[in-house]
Amino acid sequence: MIVILLGAPGSGKGTQSQRLAGKYGFQHLATGDIFRAEIAQKTALGVKAQDYVKAGKLVPDSIVTEMVAARLESGGKYLLDGFPRNLVQAQSLAEMLKGNGSSIDLVCFLSLAPAEAIRRMSSRRICSQCAEVYNALSRPPKKDGVCDKCGAGVIQREDDTEATAAKRLMVFNDLTEPLAAYYKAEHVFHEVDAGQSPPQVEAALCAIIDSARTAS
Ligand code: AMP
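Residues numbered from 1 in each chain as written. Predicted model: local features only at pLDDT ≥ 70, side-chain atom pairs only at ≥ 80, totals over all residues. Heavy atoms only, no water.

A. Quick look at the site of the ligand. Taken together, 17 residues lie near the ligand, and Thr31, Arg36, Lys57, Gly82 and Gln89 sit nearest. In the environment of the ligand, an oxygen atom lies 2.9 Å from a nitrogen or oxygen atom belonging to the side chain of Arg36. One of the side-chain nitrogen or oxygen atoms of Arg157 is found 3.0 Å away from an oxygen atom of the ligand. In isolation the ligand offers 480 Å² of accessible surface; the protein chains occlude 96% of this area. (Near = heavy atom within 4 Å. Polar contact = N/O pair within 3.5 Å; in protein donor to acceptor, adjacent residues only side chain to side chain. Areas by Shrake-Rupley, 256 points an atom, 1.4 Å probe, with all protein chains shown as cover.)

Rendered as structure tokens:
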């Protein structure tokens with residue numbers, strides 16, 4: 001099963017992906033997490049991506065698609081978070097999946113008002129090691145600055161500052177939101193109100209996934 005989670009930065013894709021991956025056994029493929037790990041390790045890919053990520057711009061499509069293609073195995077159960085981000089990537093994904101005999105089962109769009117997305121991004125914190133997502137206001141780690149799950153440092157992402165967050169939201173509106181229209185026409189598309197609490201969003205997503213599983 002291949003599920004795509006679409007949504008503005010701050011709409012909760014990472015949080016929900018972590019929950020759904022655990023519950024259904026999906027492999028969580030989050031392109032932003034991969035870039036952050038590669039940048040931290042100063043790999044060749046990280047060096048190529050770092051200026052784009054820091055500035056809140058999209059990393060060039062050729063780099064992203066190559067990175068995803070190298071990680072998608074045929075027959076795998078994937079939850080795609082942060083990819084595709086524009087129509088070119090969506091078309092590349094369709095080609096990749098065709099090539100390994102699979103297809104997209106569900107596209108879930110987490111819709112959120114822009115002001116709330118900015119508010120959430122500015123208070124978001126993440127584990128520098130395992131990428132667990134926290135929130136300084138609503139879900140801080142039990143011990144200040146320390147990840148509950150792995151004990152590594154909890155930090156604010158460099159691109160979650162208010163100015164960069166606003167820029168990322170503009171990129172989303174211009175490039176990623178049009179994907180909703182693309183997938184509405186092409187695939188099984190569902191919209192979920194991401195302004196609800198995380199457990200409510202999770203319940204809505206689980207209901208969508210469960211009904212798709214029953215139908216297949
Ligand atoms: P995210 O964690 O999904 O908010 O992504 C953080 C940053 O990684 C983005 O602002 C981009 O710079 C980069 N990035 C992640 N996924 C993609 C993608 N599919 N295409 C281009 N750039 C991406």
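Moving on from the coordinates now.
B. Summary view of the environment of Ala165. Within the secondary structure, Ala165 sits in helix α7 (residues 162-176). The spacing of Ala165 and Leu72 is 93 residues in sequence and 29 Å in space, taken between C-alpha atoms. When neighbours within four sequence positions are excluded, Ala165 is seen to be in contact with Ile118, Met121, Asp159 and Asp160. (Helix = DSSP H or I, 4+ residues; strand = E, 2+ residues; numbered from the N terminus. Contact = heavy atoms within 4.5 Å.)

C. Highlighting the packing of helix α1 (residues 13-24) against helix α9 (residues 198-215). As a packed pair, α1 and α9 sit with axes 10 Å apart at the nearest point and diverge in direction by 45 degrees. Comparing the axis directions of α1 and α9 gives the class oblique. In terms of crossing hand, the pair formed by α1 and α9 is right-handed. For the pair α1 and α9, the contacting residues are Gln16, Arg19, Leu20, Lys23 and Tyr24 in the first and Pro198, Pro199, Val201, Glu202, Leu205, Cys206, Ile209, Asp210 and Arg213 in the second. Its residues assigned to classes, the contact of α1 with α9 shows eight nonpolar, one polar and five charged. (Axes fitted to C-alpha atoms, helices over the stretch in contact; angles between N-to-C directions. Parallel < 35°, antiparallel > 145°, perpendicular 65-115°, else oblique. Left-handed = near helix turned anticlockwise from the far one by under 90°. Nonpolar A, V, L, I, M, F, W, Y, C, P; charged D, E, K, R; others polar.)

D. Highlighting the side chain of Asn135. Tracing the backbone shows Asn135 in strand β6 (residues 133-135). If we skip the residues at most four places from it in the chain, Asn135 touches Arg120, Ser123, Arg124, Arg125 and Pro140.

E. Highlighting the pairing of strand β4 (residues 106-111). Within β4, six of the six residues are buried, which leaves the element mostly enclosed by the surrounding structure. Residues Leu106, Cys108 and Leu110 line one face of β4 and the alternating positions Val107, Phe109 and Ser111 line the opposite face, and both faces are buried. Here strand β1 (residues 2-7) pairs with β4 via five bridges, running parallel. Residue Leu6 lies in a different strand from β4, and its bridge partner there is Phe109. With five bridges joining them, β4 and strand β8 (residues 189-193) adopt parallel strand pairing. Its bridge partner lying in β8, Leu110 is registered against Val192. (Buried < 20%, exposed > 50% of the residue type's maximum accessible area, 1.4 Å probe, protein only. Pairing = 2+ DSSP bridges.)

Scope: geometric values only; no functional claims are made or implied.
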